[in-house]
Protein chains: 2
Amino acid sequence: MMEKLRSFSTLSAIDNSSMVDKVELSLLDFFINKQLKVGDSIPKELELADLMGVSRTVIRESLNRLRTMGLIETKKKKGTVIKSPDITLILQKSIIPHILDHSTLRDIFELRLALEVGMADFVVSKATNEDILELLEIVKDEESQSANALFDIDYEIKFHGKLYEITANDTLREFQKLLLPVYNYIYSSGLLNLPTAQKKFTSHKQLVELLQTRDAEQFRVGMRHHLENHFL
Amino acid sequence: MMEKLRSFSTLSAIDNSSMVDKVELSLLDFFINKQLKVGDSIPKELELADLMGVSRTVIRESLNRLRTMGLIETKKKKGTVIKSPDITLILQKSIIPHILDHSTLRDIFELRLALEVGMADFVVSKATNEDILELLEIVKDEESQSANALFDIDYEIKFHGKLYEITANDTLREFQKLLLPVYNYIYSSGLLNLPTAQKKFTSHKQLVELLQTRDAEQFRVGMRHHLENHFL
DNA sequence: TTTGTGCATTATGTCGTACATATAAAACTC
DNA sequence: GAGTTTTATATGTACGACATAATGCACAAA
């Protein structure tokens, strides 16, 4: 079958896209070629419709998509202007754990592990003394918690969330917030087992101590060990 | 002024959202509450319009947004069904470097550094012997390249791209592809200086050697040093 | 000159209808 | 029963009308 298909390899794929699809691409092209910057305004809907020879309906649907991507903003009477998209906001809406397929969820989970290990440098270089005090406050009664060996998700989020906050990287921070429902889903759905105590484990408290030495390399290794039982 | 405003803190923000905005949220809510899964179909446009007391136009615009987010798929006669969104595809369209504001670009660049350092474990654990051979092939004439100390972006992408590929994490891989235009923009726009040779530098060739030892910790440190001149 | 009010203008937002198009499912042919 | 045609139906596109909100202008009041 595949053999047979190969002999038709010159056939081009039929155009299955709707007018809205085409207009959308056209507009994106327009943005890029015209080197439009944030704040620039684009022609009004009726002008675009006229220019591109389609109905206002189609133009509106296309613009609506661009708006969904966060690329434009429209106001009555004022018209449509270019906007810098909030990429995390867009993701936030489309990431609904129970709808995302499992392989993507797994991918995202791995991505998080990589991020937390890799961001060690930023945490170490940007943590203020106040930050460290705050972390100490968070971990101060860790003994009691680690004693019963319970995996307290709220506590985890509080600690790791603070680390993200320290990076002073807004995108990264938002990224983490947006991933929280994913963790919850993964853990509660049994897609991944809850971690249990293990050999090379580094506690939150130990992590803070490492952070205090201001040695990025050490901190990174510590973080890796801390996450040990999440790696398979 | 700000002091005065604070005393009105109980005032709630006026609802500035359009019907389409509301219907969109309503639909998202519907998806979550009804625990809709991939493949489930939702009521047809006219039914929704009737149910929610708005025109088909509004329903269509809302659905169009969900489609843009990749959450639904529509076919004539068949109707609308839930889909697992391709989160990287959505980002791909909205990431137009010269439109994104500079702070976000910087954030994204940092994010990449963290990822590449943090994904060391996955690279080491998943690299096949064939992968390593391929890497060796890529770096085989590195001497000549590093000799003139030129920062060859194509070569960089080829090597690092292969590393992403090795992780066997599709989301991560797509994520990298999607970030490429960002790198190009950052480098070509002078937003960040092109790296120059530096002390702790680890070459691609050395990285492959580290990979061959299958020691994740070593490889991670090597990668961190390799990226040294990208960290500020 | 400044401040407030009202009105006209204008571009997007919403609505309803009509028809085009694709296609799943039923009806039909052999 | 397999293949073909017809029919019904849900989305896609188009158009016209009006609603709504923001803008700017004109004019009046302080």
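First, a word on scope: everything that follows refers to the structure included in this document. Predicted model only: the values in this text are computed from it and were never measured.

1. Focus on the interface of chain B and chain A
Interface extent is often summarised as the accessible area lost during association of the parts. Facing 56 residues of chain B, the contacting portion of chain A comprises 56 residues. Taking both sides of the interface into account, the surface hidden between chain B and chain A amounts to around 5,100 Å²; carbon and sulfur atoms contribute 63%. Contact with chain A buries surface across chain B, with His98, Ile99 and Phe122 of chain B losing the most and accounting together for 12% of the total. At the junction of chain B and chain A, the tally comes to 8 salt bridges.

2. Observations concerning the relation of the copies chain B and chain A
For the pair chain B and chain A, the superposition axis carries a translation of 0.0 Å, the fit reaches an RMSD of 0.2 Å, and the rotation angle comes to 180 degrees. Each copy turns onto its partner about a two-fold axis. Ranked by how close their C-alpha atoms come to the rotation axis, the residues of chain B are headed by Gly118 of chain B, at 2.0 Å. The residues that chain B uses at the interface reappear at the interface of chain A in 100% of cases, marking a shared surface.

3. Let's talk about the nonpolar core
Leu115, Leu163 and Phe219 of chain A together with Leu115, Leu163 and Phe219 of chain B are the most contacted members of the largest nonpolar core, which has 93 residues in total. With 10 residues, helix 11 (residues 170-188) of chain B is the single largest residue contributor to this core. When near neighbours in sequence (up to four residues on either side) are disregarded, Phe219 of chain B contacts Ala120, Val123, Val124, Leu163, Leu207, Leu210 and Leu211 of chain B.

4. Regarding the side chain of Ser94 of chain B
Relative to the helices and strands, Ser94 of chain B is located in helix 5 (residues 87-94). Excluding its chain neighbours within four sequence positions, the residues that come into contact with Ser94 of chain B are Met69, Leu71, Pro85, Ile87 and Ile90 of chain A.

5. Here we look at the pairing of strand 2 (residues 72-75) of chain A
Residues and elements named next belong to chain A. Bridge count between strand 2 and strand 3 (residues 79-82): 4 bridges; the pairing is antiparallel. Paired with Lys75 across the strands is Gly79, a residue of strand 3. The antiparallel hairpin formed by strand 2 and strand 3 contains 3 residues in its connecting segment, where Lys77 sits at a positive phi of about 70 degrees.

6. Here we look at helix 10 (residues 153-166) of chain B
Residue and element names in this part refer to chain B. In this model, helix 10 (14 residues) spans 20 Å end to end at C-alpha, consistent with the 20 Å of a helix rising 1.5 Å per residue. Of the positions making up helix 10, those classed as buried are Tyr155, Glu156, Phe159, His160, Gly161, Lys162, Leu163, Tyr164 and Ile166. Just downstream of helix 10 lies Ala168, where phi reads positive at about 60 degrees.

7. Focus: unusual backbone geometry
Residues and elements named next belong to chain B. In this structure, Gln35 takes a positive phi of about 55 degrees despite not being glycine. For Gln35, a relative accessible area of 45% puts it in the partly exposed group. Residue Lys77 is not a glycine yet carries a positive backbone phi of 70 degrees. Its place among the elements puts Lys77 in the loop between strand 2 (72-75) and strand 3 (79-82). Residue class for Lys77 comes out exposed when judged on its relative accessible area of 87%.

8. Some thoughts on the protein's contact with DNA strand C
In the vicinity of DNA strand C there are 20 residues, among which Lys44 and Arg56 of chain A together with Met19, Ser55 and Val58 of chain B approach most closely. Between a phosphate oxygen of DNA strand C and a side-chain N or O atom of Arg60 of chain A, the distance comes to 2.9 Å. Met19 of chain B has a polar backbone atom sitting 2.5 Å from a phosphate oxygen of DNA strand C. Going through the elements one at a time, helix 4 (56-68), strand 2 and strand 3 of chain A together with helix 2 (19-33) and helix 4 (56-68) of chain B are the ones with two or more residues in the surface near DNA strand C. No other element matches the 3 residues that helix 4 of chain B contributes to the surface near DNA strand C. Partitioning the surface near DNA strand C into residue classes produces 4 nonpolar, 6 polar and 10 charged.

9. Brief notes about the environment of Asp131 of chain B
Residue and element names in this part refer to chain B. In this structure, Asp131 sits in helix 8 (residues 129-139). Between the C-alpha atom of Asp131 and that of Glu165, which follows or precedes it by 34 residues, the distance is 9.2 Å. Ignoring anything within four residues of it in the chain, the contact list for Asp131 reads Lys126, Lys162 and Ile166. A polar contact of 3.0 Å, which involves the side chain of Asp131, links it to the backbone nitrogen of Thr128. Engagement of the side chain of Asp131 in a polar contact is seen with the side chain of Lys162, the distance being 3.0 Å.

How each quantity is defined
- Residues numbered from 1 in each chain as written.
- Chains lettered and ligands numbered in written order.
- Predicted model: local features only at pLDDT ≥ 70, side-chain atom pairs only at ≥ 80, totals over all residues.
- Heavy atoms only, no water.
- Contact = heavy atoms within 4.5 Å.
- Buried area = accessible area lost by both parts, 1.4 Å probe.
- Salt bridge = Lys/Arg side-chain N within 4 Å of Asp/Glu carboxyl O.
- Least-squares fit on C-alpha atoms with pLDDT ≥ 70 in both.
- Core = buried A, V, L, I, M, F, W, Y, C linked by side-chain atoms within 4.5 Å.
- Buried < 20%, exposed > 50% of the residue type's maximum accessible area, 1.4 Å probe, protein only.
- Helix = DSSP H or I, 4+ residues; strand = E, 2+ residues; numbered from the N terminus.
- Pairing = 2+ DSSP bridges.
- Expected span 1.5 Å × (residues − 1).
- Near = heavy atom within 4 Å.
- Polar contact = N/O pair within 3.5 Å; in protein donor to acceptor, adjacent residues only side chain to side chain.
- Nonpolar A, V, L, I, M, F, W, Y, C, P; charged D, E, K, R; others polar.

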